[in-house]
Amino acid sequence: MTGGPPNAGPARLWGGRFAKSVDRTIDDFTSSLPFDQRLAPHDIVGSMAHARMLYEQGVLDRESAEPILDGLSALLSGLEGGTVSVQDGYEDVHSWIEGTLIERLGDPGRRLHTGRSRNDQTGTALRLYLRDEVAELVGLVSQLLETLRAKASEHTDTLLPGYTHLQRGQPVSLAHHLLAHFWFLEADAQRLMRAHGLAGTSVLGAGALAGSPHDIDPERSAELLGFERTLDNSMHAVADRDYVVETCFACALVLVHLSRWAEEVILWTSAEFGFAQLDDAAAKGSSIMPQKKNPEPLEVLRGKSGRAVGDLMAHLMQLKGLPLTYNSDLQEDKEALFDALETARAALTVANVVVQGLSYDADRMAAALYGSFVTATDLADALVKRGLPFREAHEQTGAAVRVAEEAGVELWELPLDTLRACCPLADESIYAGLDPASSVAAHDSYGGPAPQRVREQLERAVTARDAIDAWRTGRVEPPVLRAHRAGTLSQSERLAVEDGS
Ligand code: ARG
C-alpha cells in the first residue's frame, strides 16, 4: 500500500535503477531537508575544498573546476545575502546544493561528486557546523564566567552559610560560593573545546565507506577545511558520530550545572531564604496573585536541563546496535545535536541576564550564620590544635552543641566552666575563633574561603577565562572560506593566480 501520490519534486541524485518514483509519504518521512538546511553554508565550504583538491590533483580540469568553484561561491554569497534560499522537495541539503549547481552549470556541476559520497559529505558539513556553534557556546560561557567573576569580586566579605544536605554547614563568603559555580562552567568551556577538537578530524575522502579509486588527497582536503587531522579509516569515518555524542554531553552538562545554580537562586529568592532578589526584568508575575514575583526564567532553565539530557540520550540510543557503516538512523543525529546546541545557547544567555540583575541581602545571609552552630567544626579543630585526636574533639564538641542548643545560646555564649565540662581543653582564647568571620579567615587552605585565598582564586579565574578567550581568538576559519571572503578575486581568478597563468 502506498500513502500518497509520487513526489513530483526536483530531480534526485539517483534514479537509474528505479522503475517508479518514490511514494510521497516515504519521501517526506525520509527527507532531512527540513532540518539539515541550516548546514548549507558548511556543505558549500566542504564542496569548495573538495573541488579545489580535485583540481589540484588533476582529477578535475580547469574547465570544470572554475565554474564549480565560482558557482559554489555565488551560492554561498546568495545564501548569506538572502538572495538565494533552500528550495523544498530535495532529499537533503546536499542534494539541493548539487542539484542547484547542476541546474546552473550543466556538465561541470555533474562532476563535483567525483570521489566523494553524501556519507563523507554529511560528516564534513556537520563537523564544520558543530565547530562554529561550539565556538559560539564557548563565547557565551566566557561571558557568563566574567559576570560571575565580577559579582564574586564584590562579595569577598559577604558571609553566608555553606550548605551540605541543604542544612547549614560552615561559613563561607558569597564570593567563594559564586566562584564554585564559576569553576563548574569553566570546566564546561574546557569540555566544549575538547568536543570542538574531537570534531577536527576531516572525513572527506572516506567516500561511501571504502575511500576512492580516484587520486584524491584527503590530507589536502583537511588542510583546506582547517581540520587538524585526517581520517584513519574510511569505514570508521562515515560511521563515527562520537563528536556529536561528546558535544551533546557537553551541552547536557552545561544545562545540568545551570540547573543546579538555578535551583539555588529559586531557593534563595524565596521568602524562606530571602538571600537574593531577582531583578524585575528577570522575573514574571501571576495572573491571579498580584503580589507574586516568580523566578520563572530559572524554572524554565531547570526544566530545559531535562531536554538537553534527553538529546544526549536520544543520540546514544540512535547509535546503539548500529552496524557499520552509514545507516540512515545517523540522519537523526542532527535534530538531537541542533536542539542540544540551541538549548545550551538559550540557557547560557538567560543565565547571564539573571546573574547580572541579581542582588543579594547580606543581612539575611549573615543572620543565617546564627542559631545553627556553623562554627562547631572550628571548636573541634581548636581542640585538635590543643592536642586532642579529631574523633574525640568531634565527640566533645557535639556534647557542647547539645548543651548550647538546650540553653538556647550560641557556642561562644557558653560560660567557660560549662564549655570545659564538655571540652576540658577549652580555654578563654578558644572563643576568638568561633565567630563566623574568624572561621572564614582561619580557613585559609589552598582553594579555601579565607579572603586572601579567594583573592588568589579570583586571579586564577581571570587567567582561566583569558585562556578560553585566547582559544576563541586563535581559532582559524577554514582556509577555503577565507579565500572565498578574501575580496574581489573570484575562485577561478584565484585558481589562475595559483597556477601562475
Ligand atoms: N541526509 C543524510 C544525513 O543527513 C545524508 C545522506 C546519506 N544518504 C545516503 N543514502 N547514503 O545523514
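Structure's up top.
Residues numbered from 1 in each chain as written. Predicted model: local features only at pLDDT ≥ 70, side-chain atom pairs only at ≥ 80, totals over all residues. Heavy atoms only, no water.

**Overview of the pattern of salt bridges**
For clarity, the threshold we go by: Here, a salt bridge means any side-chain nitrogen of Lys or Arg that lies within 4 Å of a carboxyl oxygen of Asp or Glu. Labels follow the DSSP assignment, with helices taken as runs of H or I lasting at least four residues and strands as runs of E lasting at least two, numbered in each case from the N terminus. The buried label applies to any residue whose accessible area, calculated with a 1.4 Å probe on protein chains only, is under 20% of its type's maximum; exposed applies above 50%, and partly exposed to all values in between.
A full pass over the atoms with the stated rule returns 25 salt bridges. Notably, a salt bridge pairs R131 with E228, separated by 2.8 Å at the nearest N-O pair. Taken together, the positions of R131 in helix 7 (residues 118-153) and E228 in the loop between helix 9 (218-225) and strand 4 (229-230) put the pair 97 residues apart, joining distant regions of the chain. What makes E228 partly exposed here is its relative accessible area of 49%. In the salt-bridge network here, residues are joined through shared partners; they are E146, R149, R465, D469 and R472.

**Remarks on the packing of aromatic side chains**
The cut-off we apply is this: Pairs were defined over the aromatic rings of Phe, Tyr and Trp, the Trp ring being its six-membered one, requiring ring centres within 6.5 Å. Orientation was assigned from the angle between planes: stacked under 30 degrees, edge-to-face over 60, tilted for the rest.
Going through the model one piece at a time under the given rule, you end up with seven aromatic pairs. Ring geometry for F273 and F275: centres 5.2 Å apart, planes at 90°, overall edge-to-face. Just as F273 is buried, F275 falls in that class too. Taking the centre distance of 5.8 Å and the plane angle of 85° together, the rings of Y370 and W412 count as edge-to-face. Taken together, the residues Y370 in the loop between helix 14 (362-367) and helix 15 (376-385) and W412 in the loop between helix 16 (390-407) and helix 17 (416-422) connect sequence positions 42 residues apart. Judged by relative accessible area, which is 24%, W412 ranks as partly exposed.

**Side note on the environment of S95**
What counts here: Here, residues are in contact when the closest pair of their heavy atoms is within 4.5 Å.
With respect to the helices and strands, S95 occurs in helix 5 (residues 93-105). On the basis of relative accessibility, which here comes to 3%, the residue S95 falls in the buried class. Placed 82 residues apart in sequence, S95 and L13 show a C-alpha to C-alpha distance of 6.6 Å. In this view, S95 contacts L13, Y90 and R118; residues no more than four positions away in its chain are not counted.

**Overview of the nonpolar core**
We count it as follows: Side-chain atoms within 4.5 Å are what join buried Ala, Val, Leu, Ile, Met, Phe, Trp, Tyr and Cys residues into a set we call a nonpolar core.
Of all hydrophobic cores here, the largest spans 104 residues; its most connected members are W96, L258, W261, W268 and L348. Ranked by the residues each element gives to this core, the list is headed by helix 11 (residues 242-268), at 15 residues. Residues within four places of W268 in sequence aside, it is in contact with L160, L174, H177, F273, G274, F275, A276, Y360 and M365. A382, L383, L388 and C423 belong to the second largest nonpolar core, which has 20 residues in total.

**Observations concerning the site of the ligand**
To be explicit about the condition: Near residues are defined by distance, with any heavy atom within 4 Å of the molecule or strand qualifying the residue. As used in this structure description, the phrase polar contact means that two N or O atoms lie within 3.5 Å; if the pair is within protein, one of them must be able to donate a hydrogen and the other to accept it, and residues adjacent in sequence are counted only when both atoms belong to side chains. The protein chains shown are the only cover counted for residues, whose accessible areas, like all others here, come from Shrake-Rupley with a 1.4 Å probe. Gly counts as polar in this scheme, as do all residues outside two lists: the nonpolar Ala, Val, Leu, Ile, Met, Phe, Trp, Tyr, Cys and Pro, and the charged Asp, Glu, Lys and Arg.
Around the ligand, the neighbouring residues are S32, D92, R118, N119, T122, Y326, Q331 and K334. One nitrogen or oxygen atom from the side chain of N119 is found 2.9 Å from a nitrogen atom belonging to the ligand. For the ligand, an oxygen atom lies 2.7 Å from a polar atom in the side chain of K334. Computed on the free molecule, the ligand has an accessible area of 350 Å², of which 82% lies beneath the protein chains in the complex. Class assignment for the residues of the shell around the ligand results in one nonpolar, four polar and three charged.

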